[in-house]
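# Structure at a glance
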Amino acid sequence: MNSPAEPTDDRRPGPAPALPLSGADDRSAVTGKRRIAFAAYADEERMPGLLVLLRSLALADPAVCEDFLLLHPGLPDSALDAARRLHPRLVPRTAESRLDVFRATGYDTVIALGPGMVVLRSLRPLLSLRFGVAAVPQPAPGGGRTVRDEGLLVIQRQDVTDDLLDTLARGGEDVVDRALTRAGILEALGAPYDFPAGRLYDGIPVPDSTVVLHLGEDPAPGTPAHEARARFELDDAAFRAAYCALPGTTHPEMLLHCALPFPEEGRAPVDLVRRVAEVHRQQGRYEEAVALLTAAVADRPDLPRCQETLGVSLMALSRYEEAEAHLLLATVSPDFAARAYGQLARLAWLLGRTEDAAAYAREGLDADPTDGNCHAWYVRTRSATAPDEGPADEQLAHVALFADGQENAGDKVLPEAVRMCFGPDTGPARWHERSVHRLVDGPALEELNARRGIVVGGGGLFLPDTAPNSNSGWQWNIPDDVLVRITAPLAVFAVGYNVFDGQRYRRERFAESLRALVAKSAFFGLRNHGSVDRVRELLPEELRDRVRYQPCPTTVARHLDPGLDDGVSRDDTVLVNCAYDRAGLRFGHDYGHFLAETAAAVRAVGERAEVRYAAHMPADEKFVHDLRREHGIALPVEPLYLFSNDRIRELYRRTRLVIGMRGHAGMIPFGCGTPVISLVSHPKLAYFLADIDRPDWGVSVHDRALGARLAERAAAVLDDHGAAVADVHGRQEHLWSVTRANLAELRDVFGLPDPAPRGTRVPGPRAAEPARGLHLPDTRTK
């Protein structure tokens, strides 16, 4: 049985709650991410009970805030105002009865409550249920047990059949019990999830384990049930204050809903102001964060934590001078000095002040020698010297994300793959490197214009919260007035629209910058058709046709590097990769399910081949630790973040199959001729598989049968490996054909010579050569 029998006291934090879909980027149809809602039916008479329910739901677990589906018989809109003041994600819906929770509501999982209930403990375990309809069977009057029509229900819409709906439509006594029994989909929950107050005879206290207390009628004054309900009979101001005062993690939407607007009289607590400002910052509302914190610290230089958050928010608004001043104020506190110095190092580096960046990083290490961020900035900047470049008019400028140290392995391989498209020489003689995050000011513009052309990409640069700036709203830190002064031919090459499913971002600045960029570009190619469609949505009609498809060059590596011999013998291994950045957006409430299902798949695949783990960055190794702790499975780790580009490609070329969650854990092995199965937690993976007409090579991390599907598909690849490799090669041909046509056009744009005739053996690019941006593994800490 997959339902929780009893609640436990295990308060370990689960995955971060998904952001509300209202105002967020919704691609759940692509990722398979579940849409979850609480629901209740209330008419005018039951509305007071509903308000008690809403308050208890928020206060019982302040970190959970899913949509709340309010079913009602057609109440006037004004009758719902009191409920709206208690919940930021109220979704009113006219319904005939409570049984409408079984019908199509637009949600995959619905947790049906009632106005006669109060929630006393977290309902989070119910959010992870995946099968059938879960309920608490109650004693029946004539003996036995029954699911009461008004009881708590956890409904998986996937399991609601037409036959079940027909049974419900016929109505009658105990219709829910009859419908679930006939359908055979009842999942029994433990009694604490729907505990009837009627069991509390003679003043018996409410059991501590009770999660949901079902009151039914109003309990008699003075009884334990009445006292339990009375805790939540608060006016709006008292409820808001109670929520904001709760310790621990709070849901960002509910915190904003309860904290704002701050009362005009008096002054809001500084810590609450900072928490609200931090929510604004994390959701990309930097102006609001700055406005709140500026007022809070106006006469309080002794608030280092606020100064740090204010400095980071100002940096996101590209107000660098002000940001630096506030971050320096944050360094006066020993508790925040290292963090603030790390941000100061990043700020100085963004502005091209490399020596200042190294000095700030060193001061951070003096404050805390263990600070990893300051160490990374110190290593990056302490001995940075300009490479010995060739003549500017013979170079292409390359604007990209250049990973170094122990950063993302995919971001190390990708820049080199882009350069390989334009010839075998990928070093500084032919390429002028410019980090996409560094501000393009007057001197930087002159450097770019001095080159014969500018290549921007590849990678998922259309992402708002990686090194945010208000100059463009995406990763290239270039103001519009500087962009229009570019005179060198400009090509945007294999860039991706990388917004996560459920991610919030403000499109206005990005859309304005995007229009200017497309208008300025001689070539504008995006790495999948999903990105093409998403970007075209943000452009005026006259610019949409300029957006075209250019596959990620990592997917055609066999055609770019003659050293990648298809005849290589393969190791009897299968590589697995997972990603944990923005885990709440990737997994929602399904991380436990994902881990258990992949554990089953790893065991099954392990009977056919050795399963090893490919970590693209250190944070990826969380999967290995969790798999060992929760399921007793230990996997050997291949730390790709320490490997050279050649070694990364060699590892992927020699394995038999890669099961990967990161985009480049699929694209790099595919480009090397290796079969892949994608763990879809981001739209970009599904977009790539759609481009190669192999959507069945992907499985959503939310799939109920994830483990079985992975094991089945892996077995099919391993059983007929030759055919699987041939299929990969065949899929590559179209990508290579598109890339060759685009490169022919770009050679004319940049005035480049024709490539060597196809089949000619030319020296392959060597990542081990000392070239900025094509980095060796960082062995300096070894």
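My aim in this report is to walk through the structure given alongside it, one point at a time. (Residues numbered from 1 in each chain as written. Predicted model: local features only at pLDDT ≥ 70, side-chain atom pairs only at ≥ 80, totals over all residues. Heavy atoms only, no water.)

## Digging into the packing of helix α25 (residues 591-606) against helix α26 (residues 622-631)
Between α25 and α26, whose axes approach to 10 Å, the crossing angle comes to 85°. Here α25 lies roughly perpendicular to α26, going by the angle between them. Between α25 and α26, the residues in contact are Y591, F594, L595, A596, T598, A599 and R603 and K622, F623, D626, L627, E630 and H631, respectively. Grouping the amino acids of the contact of α25 with α26 by side-chain chemistry returns seven nonpolar, two polar and four charged. (Axes fitted to C-alpha atoms, helices over the stretch in contact; angles between N-to-C directions. Helix = DSSP H or I, 4+ residues; strand = E, 2+ residues; numbered from the N terminus. Parallel < 35°, antiparallel > 145°, perpendicular 65-115°, else oblique. Contact = heavy atoms within 4.5 Å. Nonpolar A, V, L, I, M, F, W, Y, C, P; charged D, E, K, R; others polar.)

## Quick notes on α25
In this model, α25 (16 residues) spans 22 Å end to end at C-alpha, consistent with the 22 Å of a helix rising 1.5 Å per residue. The elements touched by buried residues of α25 are β20 (573-577), α24 (583-587), β21 (610-615), α26, β24 (676-680) and α30 (706-719). (Expected span 1.5 Å × (residues − 1).)

## Some points on the sheet that holds strand β6 (residues 133-135)
Reading across the sheet, the seven strands line up as β3-β2-β1-β4-β9-β6-β10 and stay open at both edges, with mixed pairing between neighbours. With partners counted over all chains shown, the strands left at the sheet margins are β3 (90-94) and β10 (186-188), one partner each. Across the sheet, the mean angle from the axis of one strand to that of its neighbour is 25°, orientation sign disregarded. Across five bridges, the pairing between strand β2 (residues 67-72) and β3 is parallel. Bridging from a neighbouring strand, L69 pairs with V91 of β3. (Pairing = 2+ DSSP bridges.)

## Comments concerning the nonpolar core
Among the nonpolar cores identified, the biggest contains 97 residues, and F38, L50, F68, L123, L126, L189 and L213 are the most heavily contacted of them. Looking at this core, the element that brings in the most residues is helix α2 (residues 47-60), giving nine residues. What L213 contacts, discounting residues up to four positions off in sequence, is G116, M117, V118, L120, F195, A197, V206, A225 and A228. Counting 81 residues, the second largest nonpolar core, distinct from the first, contains V418, F623, M661 and L706. (Core = buried A, V, L, I, M, F, W, Y, C linked by side-chain atoms within 4.5 Å. Buried < 20%, exposed > 50% of the residue type's maximum accessible area, 1.4 Å probe, protein only.)

## Quick look at the sheet that holds strand β5 (residues 117-119)
Hydrogen bonds along the backbone pair up the strands of a sheet, which may run parallel or antiparallel. The three strands lie next to each other as β5-β12-β11, forming an open sheet whose pairing is mixed. Whereas interior strands pair on both sides, the edge strands pair on one side only; in this sheet they are β5 and β11 (195-196). Bridge analysis of β5 against strand β12 (residues 212-214) gives three bridges, and the strand direction is antiparallel. When the bridges of β12 are listed, V118 appears paired with L213.

## Comments concerning the pairing of strand β15 (residues 453-456)
Regular strands have side chains that alternate between both faces of the sheet. Neither face of β15 is left uncovered, since the one carrying G453 and V455 and the one carrying I454 and V456 both have all their residues buried. Strand direction decides the pairing type here: strand β13 (residues 396-400) and β15, joined by four bridges, are parallel. Each bridged residue has a counterpart across the sheet, and for L396 the counterpart in β15 is G453. With three bridges connecting them, β15 and strand β17 (residues 490-497) associate as parallel partners. Residue pairing in the sheet places V456 in a bridge with V492 of β17.

## Details of the side chain of E308
Mapped onto the elements of the fold, E308 is located in helix α12 (residues 304-316). According to the relative accessible area criterion, E308 is buried, its value standing at 6%. With sequence-adjacent residues up to four places away left out, E308 is seen in contact with L327, A330, F336, R339 and A340.

## Section: α12
Here α12 contains 13 residues, and its C-alpha end-to-end distance of 18 Å stays within 8% of the 18 Å for a straight helix at 1.5 Å per residue. In terms of burial, α12 is largely enclosed, as twelve of its 13 residues are buried. Where α12 is concerned, the buried positions are P304, C306, Q307, E308, T309, L310, G311, V312, S313, L314, M315 and A316. Check the buried side of α12 and you find it contacts α10 (270-282), α11 (286-296), α13 (320-330) and α14 (337-350). Following α12 by one or two positions, S318 has its phi on the positive side, about 60°.

## Quick word on the packing of α12 against α13
It is at 8 Å that the axes of α12 and α13 come closest, and there the two elements cross at 160°. The angle between the axes of α12 and α13 places the two elements in the roughly antiparallel class. Viewed along their axes, α12 and α13 form a crossing whose handedness is left-handed. Residues P304, Q307, E308, L310, G311, V312, L314 and M315 of α12 touch α13, and the partners they reach there are Y320, E322, A323, H326, L327, L329 and A330. Taken together, the residues of the contact of α12 with α13 sort by class into ten nonpolar, three polar and two charged. (Left-handed = near helix turned anticlockwise from the far one by under 90°.)

## Things to note about the pattern of salt bridges
Opposite charge on two side chains lets them pair, provided their charged atoms get close. All told, the structure shown has 49 salt bridges when counted by the stated rule. The residue R103 makes a salt bridge to D100 at a minimum N-O spacing of 3.3 Å. One salt bridge connects E433 with R419, and the closest N-O pair in it is separated by 3.8 Å. Pair noted here: E433 is in strand β14 (residues 431-435) and R419 is in helix α17 (residues 409-420), with a separation of 14 residues, a long-range link. Taken individually, E433 and R419 each receive the classification buried, so the pair is uniform in this respect. Linked by salt bridges that have partners in common, D465, D581, R582, R586, D620 and R662 make up one network. (Salt bridge = Lys/Arg side-chain N within 4 Å of Asp/Glu carboxyl O.)

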